[in-house]
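# Summary of the model geometry
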Amino acid sequence: MLMVDENLTDLSTSLTAVLVGGGLDLPTATALGQIFGRARQTKPTDLICLSASSRIGKAPSVELDGVVSPSPTLAQLGITFPLPDRYVLLPSEVSEIQTATDAYNQSN
């Protein structure tokens, strides 16, 4: 599944430049650079939140997902459009949650 990883180096500017150099118009190249600048495939260590189950494969919505697709060909969350960060827990986030849970449990 395709997802946004906030920990990745943002390649939006570089991706936009490559797309413009390949002949794509600037507005479209900029939109694609912003969408895919921090996108990657999920790994077995990523946890997909249950709330994503009703959104995977659906068109991105500002109201529901906080993002919108500039093109009907990029209208499937997790497939052709990266699943927003709100639906994925990275290993570092899982570790933070576990640390906070352990600290809370030790305080009682």
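Just above sits the structure.
About the criteria used
Residues numbered from 1 in each chain as written. Predicted model: local features only at pLDDT ≥ 70, side-chain atom pairs only at ≥ 80, totals over all residues. Heavy atoms only, no water. Salt bridge = Lys/Arg side-chain N within 4 Å of Asp/Glu carboxyl O. Helix = DSSP H or I, 4+ residues; strand = E, 2+ residues; numbered from the N terminus. Buried < 20%, exposed > 50% of the residue type's maximum accessible area, 1.4 Å probe, protein only. Axes fitted to C-alpha atoms, helices over the stretch in contact; angles between N-to-C directions. Left-handed = near helix turned anticlockwise from the far one by under 90°. Contact = heavy atoms within 4.5 Å. Nonpolar A, V, L, I, M, F, W, Y, C, P; charged D, E, K, R; others polar. Patch = residues over 30% accessible without salt bridge, like charges linked within 9 Å, V, L, I, M, F, W, Y side chains within 5 Å. Areas by Shrake-Rupley, 256 points an atom, 1.4 Å probe, with all protein chains shown as cover. Polar contact = N/O pair within 3.5 Å; in protein donor to acceptor, adjacent residues only side chain to side chain.

### Regarding the pattern of salt bridges
This structure, assessed with the given rule, holds three salt bridges. With its nearest N and O atoms 2.7 Å apart, the salt bridge here joins Arg-40 to Asp-5. In this pair, Arg-40 sits in strand S2 (residues 39-41) while Asp-5 sits in the loop between strand S1 (2-4) and helix H1 (12-21), placing the two residues 35 residues apart along the sequence. In this structure Arg-40 comes out as buried when scored by relative accessible area, which is 13%.

### Quick notes on the packing of H1 against helix H2 (residues 26-36)
At a minimum axis distance of 8 Å, the contact between H1 and H2 shows a crossing angle of 145°. Two packed elements cross with a definite hand, and for H1 against H2 that hand is right-handed. Across the interface between the two elements, Ser-12, Leu-15, Thr-16, Leu-19 and Val-20 of H1 pack against Leu-26, Ala-29, Thr-30, Leu-32, Gly-33, Gln-34 and Phe-36 of H2. Its residues assigned to classes, the contact of H1 with H2 shows seven nonpolar, five polar and no charged.

### Focus on a nonpolar patch on the surface
There is a patch of nonpolar side chains on the surface, built from Met-1, Ile-48, Ile-56 and Ile-79 and spanning about 290 Å² of accessible area. As for its position among the elements, Met-1 is in the segment before S1. In this structure Met-1 comes out as partly exposed when scored by relative accessible area, which is 31%.

### Examining the side chain of Thr-16
With respect to the secondary-structure elements, Thr-16 resides in helix H1. Looking at Thr-16, its side chain comes within polar contact range of the main-chain oxygen of Ala-29, at 3.3 Å. Those residues in contact with Thr-16 that lie beyond four places of it in its chain are Leu-26, Ala-29, Thr-30 and Gly-33.

### Some remarks on the side chain of Arg-55
Topologically, Arg-55 is positioned in the loop between strand S3 (47-48) and helix H3 (62-65). Of the residues examined, Arg-55 reaches a relative accessible area of 11% and is grouped as buried. Of the polar contacts made by the side chain of Arg-55, one reaches the side chain of Asp-65; its length is 2.8 Å. Look past the residues within four positions of Arg-55 in its chain and what remains in contact with it is Pro-60, Ser-61, Leu-64, Asp-65, Leu-77 and Tyr-87.

Fair warning: the whole summary comes from geometry, so function is off the table for now.
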